[in-house]
Amino acid sequence: MRRRTLLTTLAVAPLAARAAPALAQGSAATTLRYMPQADVTSIDPMSTTSYGVRNHGHMCWDTLYGPDENFVIRPQLAAGHTVEDDGLRWIFTLRPGVRFHDNEPVRARDAVASIQRWWARDTLGQTLRDRTDAITALDDRRFEIRLKQRFGPMLEALGKPSSYPCFIFPERFATVDPARPFTEVVGSGPYRWVAAERLSGARAVYRFEGYVPNPAAPSLLGGAKMAHFERVVFNWIPDAGTAAAALQSGEIDMYEQVAPDLRGLLARHRDVVLDRVDTGGLVAHLRFNQLHAPFDDPAVRRALLHSINQSDFMTSIMGNDRRLWSDGIGAFPTASPLANDEGIAAMTSPRSVDRAREALRAAGYANTPVTVLHPTDVTNNNTMTTVLTDVLKRSGLNADSATSDWATVLQRRANQNPPGQGGWNALIVLFGGVDLANPGVHPLLRGNGRQAWFGWPTSPTLETLRDEWLAAPDLDAQKPIARRVQAALWQDAPYIPLGQYYTDAAWRRGLVGIQKGMTLPLNIRRG
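Draft legend 1. Broad picture of the overall build of the chain. The number of helices and strands found in the chain is 15 helices and 21 strands. Taken over the C-alpha trace, the chain has a radius of gyration of 23 Å; the compact-globule value for 527 residues is 24 Å, and the two agree within 12%. For the chain, buried positions account for 58% of its 527 residues. Counting only contacts in the chain whose residues sit at least 6 apart along the sequence, the fraction spanning at least 24 positions is 73%. Carbon and sulfur atoms provide 48% of the accessible area of the chain, an area that totals close to 19800 Å². Of the side chains in the chain, 58 bear a positive and 53 a negative charge, and the two mean positions are spaced by 3 Å.

Structure, rendered in structure tokens:
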């Protein structure tokens, strides 16, 4: 890995001392300097599933509900709810005294409009939308959702922490088409976005001012979101070695996702703590664009099941320590109760590029170019995309990497045009275990065409099985459906899983309040 001399200018000086509300007071420090896993490429969290943008969202906005450290859904912006009419009427009440950053109160009509914006994007939200008869503000603090059909995971949907969280925006922002990202931030959460200090590709700045937290004790996103620092600065440092050096020297306070080859170095540093905060890990996937040749043909997609070797991808980024990664991964991550071995020989049988070539010839593949989106500034994506392009070529595909920065990849993957007109054919996708645990939330298992996640697969089988899973009364009934989902994955191949791996966060000794489940710069203070 290339190393660079430490860029001392990346350190950001705190603002001049000023009187701060009691909530913001830490133990003397005023600024938390944070190295995120990716740059904040958009200020609208409905515009992308990038975790860098998701985490920006949790800084600026609240959700109605959220998971605590045990991933039990608790009230966040909501005070609570009641359920009537045999589960067909849900009445939600907002907490009193909560205001947006423009000092306007958070009203029920803001929540209604925000839910409607969210459910146009989110996989579970789309199902809630389809089952809703009406969603209406009853007064300033209460709104109702009337259903045509019962929807069991209501709170899990409204409290999703990731891909996509249902953030509550002011109504005037929530009515903006999610396909057209907004360009101003007026939040409901603990930190204000400081647009004047934004430096694209390098820095994002957040300032605490006047937030009223949930009265419950802090517990990930299911209790108070405490702002113990007056300022939080996201310093995006693309080179992992430079980021590690900045942490060791004290120029940054926290490194969200440590590059695997730097774990040992940071673990030995006396002023640094290295720990696994996100225990769900990350699953890598090869995602196909099914709108255009050659991957509009399922036989071409299935041909790669002969040659894709999950361990090649995992060792390329994590090395040979099997404690850090798993292969033999199917539709669901290892911690999911729905993980199973249905058809797993598709990934664990002996690998052969020759069989892949034979399958491509049988499918009638005619040397159609394959454009692979390749971000060079995100370490693991960069490395695995290099491995991917190589195996595609050896399998007989006319593949080529379209290299760019991460922000350009995020923009281009939304383009539904043919590759020659700015579109694409394949890319590496990373999702945390929290986003993949079941067919209801799993974004890559939707088969609803142009409404599906990028790649836009059409699979009536997967859609039918998802509805069956949603109707299943308990886990015992869900498990056989999950096996059929995995069988459909190998047949329809909307994506190919590439393995699961685990990353650690690192921070300067003396920081406390880091909570397990998701690595977020909230509730943290100096001890």
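Having seen it, we continue.
Draft legend 2. Spotlight on the pairing of strand β10 (residues 231-235). For β10, the tally of buried residues reaches 5 of 5 residues, placing the bulk of the element in the interior. Neither face of β10 is open: one carries Arg231, Val233 and Asn235, the other Val232 and Phe234, and all of them are buried. Note: strand β1 (residues 31-35) against β10, 4 bridges, orientation parallel. Bridging across to β10, Thr31 finds its partner in Arg231. The pairing of strand β9 (residues 203-208) with β10 spans 5 bridges and is classified as antiparallel. Looking at β10, one finds that Arg207 is bridged to Arg231.

Draft legend 3. The arrangement of the packing of helix α14 (residues 460-471) against helix α15 (residues 475-492) in detail. Axis separation between α14 and α15 bottoms out at 10 Å; the angle between their running directions is 170 degrees. Taken together, the axes of α14 and α15 lie roughly antiparallel to each other. Two packed elements cross with a definite hand, and for α14 against α15 that hand is left-handed. Where α14 abuts α15, its residues Thr461, Leu462, Leu465, Glu468 and Trp469 lie against Gln478, Ile481, Arg484, Val485, Ala488 and Asp492. Of the residues in the contact of α14 with α15, the class split is 6 nonpolar, 2 polar and 3 charged.

Draft legend 4. Expanded view of the state of the cysteines. Counted according to the given criterion, the structure contains 0 disulfides. For Cys60, which is in no disulfide, the shortest distance to another cysteine sulfur is to Cys166 and amounts to 16 Å. The exposure class of Cys60 is buried, given its relative accessible area of 0%. Looking at Cys166, the relative accessible area reads 0%, which means it is buried.

Draft legend 5. View of the side chain of Arg33. With respect to the helices and strands, Arg33 occurs in strand β1. Relative accessible area serves as the criterion here: at 18%, Arg33 is assigned to the buried category. Reaching out from Arg33, the side chain makes a polar contact with the backbone oxygen of Glu251 at a distance of 3.3 Å.

Draft legend 6. Structural context of the packing of aromatic side chains. Inspection of the entire model under this criterion finds 17 aromatic pairs. Seen in terms of ring centroids, Trp90 and Phe92 are 6.1 Å apart; in terms of plane orientation they differ by 15 degrees. Their pairing is stacked. For the pair formed by Trp90 and Phe92, the shared burial category is buried. Feature note: the residues Tyr51, Trp424, Phe431, Trp453, Phe454 and Trp456 constitute an aromatic cluster, connected by ring pairs. For Arg54, the ring lying beneath its charged end belongs to Tyr51, and the centroid distance is 4.0 Å. Between Arg117 and the ring centre of Phe169, over which it is positioned, the NZ or CZ distance is 5.7 Å.

Draft legend 7. Representation of the pattern of salt bridges in the model. Applying the stated criterion across every chain, the model contains 32 salt bridges. The residue Glu209 makes a salt bridge to Arg207 at a minimum N-O spacing of 3.0 Å. A relative accessible area of 23% means that Arg207 is categorised as partly exposed. Here Asp504 and Arg263 are joined by a salt bridge, their closest N and O atoms 2.8 Å apart. You can see Asp504 sitting in the loop between β18 (495-501) and β19 (505-508) and its partner Arg263 sitting in helix α7 (residues 263-267), a full 241 residues away along the chain. Asp504 gets classed as buried once you look at its relative accessible area, which sits at 5%. Each of Glu84, Asp85, Arg89, Glu144 and Arg146 takes part in a single network of salt bridges with overlapping partners.

Draft legend 8. Expanded view of helix α6 (residues 240-249). A large share of α6 lies buried, amounting to 7 of its 10 residues. Listed as buried for α6 are Ala240, Gly241, Thr242, Ala243, Ala244, Ala246 and Leu247. Those residues of α6 hidden inside the fold are in contact with β1, β11 (254-255), α7, β12 (272-275), α12 (379-394) and β19. Where α6 begins, the side chain of Asp239 points an oxygen toward the backbone nitrogen of Gly241, at a separation of 3.3 Å. Trailing α6 by a residue or two, Gly250 shows a phi angle of about 85 degrees, which is positive.

Draft legend 9. Expanded view of the pairing of strand β4 (residues 78-84). Bridge analysis of β4 against strand β5 (residues 89-94) gives 6 bridges, and the strand direction is antiparallel. Looking at the pairing, Gly80 lines up with Thr93 of β5. Adjacent in sequence and paired antiparallel, β4 and β5 are bridged by 4 residues, among which Asp85 carries a positive phi angle near 50 degrees.

Draft legend 10. Main features of unusual backbone geometry. Omega for the peptide link from Ser163 to Tyr164 comes to 0 degrees, which places this bond in the cis form. Considering the arrangement of structural elements, one finds Tyr164 in the loop between α4 (154-158) and α5 (171-174). Between Ala293 and the following residue, Pro294, the backbone shows a cis peptide bond with an omega angle of 5 degrees. Tracing the sequence through the fold places Pro294 in the loop between β13 (282-288) and α8 (298-303). In this structure, Asp86 takes a positive phi of about 55 degrees despite not being glycine. The residue Asp86 is located in the loop between β4 and β5 in this model.

Draft legend 11. Molecular detail of α14. With 12 residues, α14 extends 17 Å between its outermost C-alpha atoms, agreeing within 8% with the 16 Å of an ideal straight helix rising 1.5 Å per residue. Taken together, the buried positions of α14 are occupied by Leu462, Glu463, Leu465, Arg466, Trp469 and Leu470. In a view along the axis of α14, the buried residues occupy a sector of 165 degrees, so they form one face of it. When the buried face of α14 is taken as reference, the exposed residues oriented beyond 90 degrees from it are Pro460 and Ala471.

What counts as what
- Starting from 1, residues in each chain are numbered consecutively following that chain's sequence as written.
- Given that this is a predicted model, residues contribute local features only at a pLDDT of at least 70 and side-chain atom pairs are listed and counted only at 80 or more, while totals for whole chains, interfaces and linings are drawn from all residues.
- For side-chain calculations, the full set of non-hydrogen atoms in the structure is used, while hydrogens and water are omitted.
- Segments assigned H or I by DSSP are reported as helices when at least four residues long, segments assigned E as strands when at least two residues long, and all are numbered from the N terminus.
- In this description the radius of gyration comes from C-alpha coordinates, and the expected globular size is given by 2.2 Å times residues to the power 0.38.
- To sort residues, take the accessible area from a 1.4 Å probe on protein chains only and compare it with the maximum for the residue type: under 20% means buried, over 50% means exposed, and anything in between is partly exposed.
- We call two residues in contact whenever any of their non-hydrogen atoms come within 4.5 Å of each other.
- All accessibility values rest on the Shrake-Rupley procedure with a 1.4 Å probe; residue burial counts only the protein chains present in the view.
- Counting rule applied: Lys, Arg positive; Asp, Glu negative; His and chain ends not counted.
- Charged groups are reduced to one reference atom each: NZ for lysine, CZ for arginine, CG for aspartic acid, CD for glutamic acid.
- For two strands to be treated as a pair, DSSP must find no fewer than two bridges joining them.
- For every element, the axis is a line fit to its C-alpha atoms; helices are fit only across the contacting stretch, and the angle between N-to-C directions ranges from 0 to 180 degrees.
- Every angle not falling under 35 degrees, over 145, or within 65 to 115 is termed oblique; those three ranges are roughly parallel, roughly antiparallel and roughly perpendicular.
- Left-handed describes a crossing whose near helix is turned anticlockwise from the far helix by less than a right angle; the clockwise case is right-handed.
- We call Asp, Glu, Lys and Arg charged. Ala, Val, Leu, Ile, Met, Phe, Trp, Tyr, Cys and Pro are nonpolar, and the rest, Gly among them, are polar.
- Two cysteine sulfur atoms form a disulfide, by the criterion used here, when they sit within 2.5 Å.
- By the criterion applied in these results, polar contacts are pairs of N or O atoms within 3.5 Å in which, for protein atoms, one can donate a hydrogen and the other can accept it, and in which residues neighboring in sequence qualify only through two side-chain atoms.
- What counts as a ring pair is set by centres within 6.5 Å for rings of Phe, Tyr and Trp (its six-membered ring), and what kind of pair is set by the plane angle: stacked under 30 degrees, edge-to-face over 60, tilted for all other angles.
- Consider the ring centre and the ring normal. A charge sits over the ring if Lys NZ or Arg CZ is within 6 Å of that centre and within 35 degrees of that normal.
- Should a side-chain nitrogen of Lys or Arg be within 4 Å of a carboxyl oxygen of Asp or Glu, the pair is scored as a salt bridge.
- To estimate the expected span of a helix, subtract one from its residue number and multiply by 1.5 Å.
- Taken from the helix axis, the directions to the C-beta atoms give the arc we talk about.

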